Amino acid sequence: MGFFDKIKEQASELGAQLDGALKGTKSAAQLSSLSKQREEMARQLGNFLLDQFRAGGIDEAALRAEAERVFEVERQIIALRQQIEAEKQAAAAARAAAAQPPAPPAAGARAAAPPPPTEAPAASHPAPPGPQAAAAEGMVACAGCGKEMPADAAFCPECGTRRQ
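This structure is a prediction, so every number in the text was calculated from the model and none was measured.

*Asks:* Give a description of the packing of helix α1 (residues 3-54) against helix α2 (residues 60-99) that names residues and reports values.
*Replies:* In contact at an axis separation of 9 Å, α1 and α2 are set at 165° when each is read in the N-to-C sense. By the angle between their axes, α1 is roughly antiparallel relative to α2. Crossing of α1 over α2 shows left-handed handedness. Residues that form the contact of α1 with α2 fall into these classes: 16 nonpolar, 6 polar and 7 charged.

Here it is as structure tokens:
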């Protein structure tokens, strides 16, 4: 490989690293924005509940509708966290693969075809986290339905059960 080919390869690798860093920064900003949105919505929900209590009654249907809006943002946060983790794992695997030099072919053997590239999980359909991933991301099981939910959530995004 010539000098200019090496320069071109290194520039390409640097460009890919910069793209990954920019994508990670964008995802982190989206996560921060969604978290702030969730906190504001939860605050508004609390005020809504207090206002209804002061008025002498609680409209459960209206309360459930407002809570569902918060649950939807929580689901978006979970999906984005899963997407970020999948991207981190894909980047780490790519770095590990790039760091390993190819094994020299055996004497007299033909070079084998490279393995087909692996696909990263689709961001629009993140795989459900396993128990270890759930614990690492601050997830707990809902007491009402058993589904995974954020540990900091006051209500289950699936069934609406208040977290104990």
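*Asks:* Any chance you could break down the pattern of salt bridges for me, citing the residues and the numbers?
*Replies:* Under the counting rule described, the total for this entry stands at 8 salt bridges. In this structure, the salt-bridge partner of Arg 54 is Asp 51, at a minimum N-O distance of 3.6 Å. Taken together, the residues Arg 54 and Asp 51, both in helix α1 and 3 residues apart, mark about one turn of the helix. Overall, the relative accessible area of 47% leaves Asp 51 in the partly exposed class. Between Glu 66 and Arg 69 there is a salt bridge; the shortest N-O distance is 2.8 Å. Placement of both Glu 66 and Arg 69 in helix α2 is noted, with a separation of 3 residues, approximately one turn of the helix. Of the residues examined, Arg 69 reaches a relative accessible area of 43% and is grouped as partly exposed. Each member of the salt-bridge network shares a partner with another, and the members are Arg 38, Glu 39 and Glu 74.

What counts and how
Residues numbered from 1 in each chain as written. Predicted model: local features only at pLDDT ≥ 70, side-chain atom pairs only at ≥ 80, totals over all residues. Heavy atoms only, no water. Axes fitted to C-alpha atoms, helices over the stretch in contact; angles between N-to-C directions. Helix = DSSP H or I, 4+ residues; strand = E, 2+ residues; numbered from the N terminus. Parallel < 35°, antiparallel > 145°, perpendicular 65-115°, else oblique. Left-handed = near helix turned anticlockwise from the far one by under 90°. Nonpolar A, V, L, I, M, F, W, Y, C, P; charged D, E, K, R; others polar. Salt bridge = Lys/Arg side-chain N within 4 Å of Asp/Glu carboxyl O. Buried < 20%, exposed > 50% of the residue type's maximum accessible area, 1.4 Å probe, protein only.

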